[in-house]
Amino acid sequence: MFAPLQLGGTVLPVVALLLLAIAIVAVYQAVEIVNAYEKRALTVFGEYRKLLEPGINFIPPFVSRTYTFDMRTQTLDVPRQEAITRDNSPVTADAVVYIKVMDARKAFLEVDDYKKAVSNLAQTTLRAVLGDMELDDTLNKRQQINSKIRKELDEPTDEWGIRVESVEVREVNPSQEVQQAMEQQTSAERRRRAMILEAQGERRSAVEKAEGDKQSNIIRAQGEKQSQILEAQGDAISTVLRAKSAESMGERAIIERGMETLEAIGQGESTTFVLPQELTSLVGRYGKHLTGSDVATEGQLLEGLDFDAETREMLGLDDIEEILGQIDEEAEMNVEEMEAEAEAIKAGADPANIKDPDEVIAEMDRDVSEANGDESADDLETETS
């Protein structure tokens, strides 16, 4: 009777330990911890029940199964693909696709392996897009290729609960023969551009040289013109001064000429002389000049009279320095101003505003005539008085 009891006493602890182990496993199976960036699909006896949210979730033990879906943006590498472009040029290309699970339920129920499905779809789409483009477009319009692939992937992946965020084609490489032909074409194009640039440089140099010669000739001609005008103005002023001097010395010259005539008459053999009235008048006027002279009476030397105010004004002796200064100022040539004038002449203008020499001489003649008229009027008024 005590033997079975002893056996039963051994079995009970074993059963208790077994039940405890089962309970621990059941609790472990019933608790599901979901990370913050995940969602898990729950199936019980193979039937879809729900999506487990991040945190602690309790599920039926032993009969439940979960499938994890990463809700972050994921990167899929598209293997290198070979394609024939529209102009029958073979190219190879690879890409990177960025996807994100938007609906884990669809990604679980609508597609077997969403990553593999998106990768295969991207490969076929990449080949199709490259086949619809010219070779030059495949090499230059990278952004257009990315947009087309993304547009082609959007519709089918939406049914899977996947969103294609971006597609980036990394490399598009033509065949080796095409690359060599492109290098030769590029080299020829660069040589052509170099020749064109060299020709343009030579042409620009010739134009600049011609412009420089033209500007130099303009400045030289302008200087010669200015010099001629100044020379003409100087000659005109000199002529006016000589005319005024001759006018002021005319009466004295007549008197001296008359005295020379009297001397010639006195050397003759005749003792009887007939003097014209004009000559006697000249002698009287000569005596008047003598009486007004500074004749020294006590051994002093004879000194001539200074020009009176009227004579100095008529001769312009007080204005000689001013006239010479004006001539010097006009003779000075500012190189910078002449360069500016040359630039204006190139543009079709004449900023110098230099008068014609004939016009300058005519103005001076008018001034001389007016001055002579004023002096004649003053003389007439004096004689009348």
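Just so we're clear, the structure is a prediction, and the values are computed from it rather than from any experiment.

K.L.:
Before we go on, may I ask you to explain the packing of aromatic side chains in this structure?
P.N.:
To describe a pair of aromatic rings, you give the distance between the ring centres and the angle between the ring planes. Applying the stated rule across the entire model yields four aromatic pairs. A centroid spacing of 4.8 Å and a plane angle of 40° characterise the contact between Tyr67 and Phe108, whose relative ring orientation is tilted. Here the residue Tyr67 occupies a position in strand β5 (residues 64-70), and Phe108 occupies one in helix α2 (residues 104-109), the gap between them amounting to 41 residues. Judged by relative accessible area, which is 27%, Tyr67 ranks as partly exposed. Here Phe108 falls in the partly exposed class, since its relative accessible area comes to 21%. Ring-pair connections join several aromatic residues into one group, and the members of that group are Tyr48, Tyr67, Phe69, Phe108 and Tyr114. Over the aromatic face of Tyr37 sits the side chain of Arg72, whose NZ or CZ is 3.9 Å from the ring centroid.

K.L.:
Can you help me understand a nonpolar patch on the surface in this one?
P.N.:
A contiguous nonpolar patch, built from Val11, Val15, Leu18, Leu19, Ile22, Val25 and Phe62 and spanning about 620 Å² of accessible area, is present on the exposed surface. Position of Ile22 among the secondary structure elements: in helix α1 (residues 2-30).

K.L.:
Explain the sheet that holds strand β8 (residues 162-174) to me, please; I cannot follow it from the model alone.
P.N.:
Neighbouring strands of a sheet are bound in pairs by backbone hydrogen bonds; such pairs are parallel or else antiparallel. If you trace the three strands from one edge of the open sheet to the other, you get β6-β7-β8, paired in antiparallel fashion. In the strand order of this sheet, the two ends are held by β6 (74-84) and β8, each with one partner. Recorded for the sheet is a direction-independent mean angle of 20° between the axes of neighbouring strands. Alignment of strand β7 (residues 90-101) against β8, held across 11 bridges, turns out to be antiparallel. Directly across from Lys100, in β8, lies its bridge partner Arg163. The sheet contacts of helix α3 (residues 114-131) involve β6, β7 and β8, and relative to β6 the element is tilted by about 35°.

K.L.:
Would you mind showing me how to read the nonpolar core here?
P.N.:
Proteins that are soluble and globular tend to have nonpolar side chains buried together. In this structure, Val97, Ile99, Tyr114, Leu126, Ile149 and Ile162 are the most contacted members of the largest nonpolar core, which totals 34 residues. Only β6, β7, α2, α3, α5 (142-159) and β8 provide two or more residues apiece to this core. Per-element tally for this core: the top contributor is α3, with seven residues.

K.L.:
Help me understand α3 in this model?
P.N.:
Note on helix geometry: an α-helix contains 3.6 residues per turn, so any two residues three or four positions apart are oriented the same way. The terminal C-alpha atoms of α3 lie 26 Å apart, and with 18 residues this matches the ideal 26 Å at 1.5 Å per residue to within 8%. Listed as buried for α3 are Tyr114, Ala117, Val118, Ser119, Ala122, Gln123, Thr125, Leu126, Val129 and Leu130.

K.L.:
Looking at this structure, how should I read the side chain of Ser64?
P.N.:
Along the chain, Ser64 falls in strand β5. Accessibility expressed as a relative area gives 15% for Ser64, which makes it buried. Looking at Ser64, its side chain comes within polar contact range of the main-chain oxygen of Pro60, at 2.5 Å. Excluding residues within four positions of it along the chain, Ser64 makes contact with Leu42, Thr43, Val44 and Ile59.

K.L.:
Sorry, what's going on with the side chain of Thr125 here?
P.N.:
On the secondary structure map, Thr125 appears in helix α3. Exposure remark for Thr125: the relative accessible area of 8% places this residue in the buried category. If we skip the residues at most four places from it in the chain, Thr125 touches Ile149, Glu152 and Leu153.

K.L.:
What is the right way to read the pattern of salt bridges from this model?
P.N.:
A side chain with one charge can pair with a side chain of the opposite charge if their charged atoms come near. For the structure shown, the criterion picks out 10 salt bridges. Close ionic contact of Glu32 with Arg40 constitutes a salt bridge, the shortest N to O distance being 2.2 Å. The pair formed by Glu32 and Arg40 is uniform in burial state, with each residue classed as buried.

K.L.:
Explanation requested: the environment of Met102 in the structure shown.
P.N.:
On the secondary structure map, Met102 appears in the loop between β7 and α2. On the basis of relative accessibility, which here comes to 45%, the residue Met102 falls in the partly exposed class. Placed 29 residues apart in sequence, Met102 and Thr73 show a C-alpha to C-alpha distance of 10.0 Å. The residues touching Met102, leaving out its near neighbours within four places in the chain, are Met71, Gly161 and Arg163.

Cut-offs applied
- Residues numbered from 1 in each chain as written.
- Predicted model: local features only at pLDDT ≥ 70, side-chain atom pairs only at ≥ 80, totals over all residues.
- Heavy atoms only, no water.
- Phe/Tyr/Trp six-rings, centres within 6.5 Å; stacked < 30°, edge-to-face > 60°.
- Helix = DSSP H or I, 4+ residues; strand = E, 2+ residues; numbered from the N terminus.
- Buried < 20%, exposed > 50% of the residue type's maximum accessible area, 1.4 Å probe, protein only.
- Lys NZ or Arg CZ within 6 Å of the ring centre and 35° of its normal.
- Patch = residues over 30% accessible without salt bridge, like charges linked within 9 Å, V, L, I, M, F, W, Y side chains within 5 Å.
- Areas by Shrake-Rupley, 256 points an atom, 1.4 Å probe, with all protein chains shown as cover.
- Salt bridge = Lys/Arg side-chain N within 4 Å of Asp/Glu carboxyl O.
- Pairing = 2+ DSSP bridges.
- Axes fitted to C-alpha atoms, helices over the stretch in contact; angles between N-to-C directions.
- Contact = heavy atoms within 4.5 Å.
- Core = buried A, V, L, I, M, F, W, Y, C linked by side-chain atoms within 4.5 Å.
- Expected span 1.5 Å × (residues − 1).
- Polar contact = N/O pair within 3.5 Å; in protein donor to acceptor, adjacent residues only side chain to side chain.

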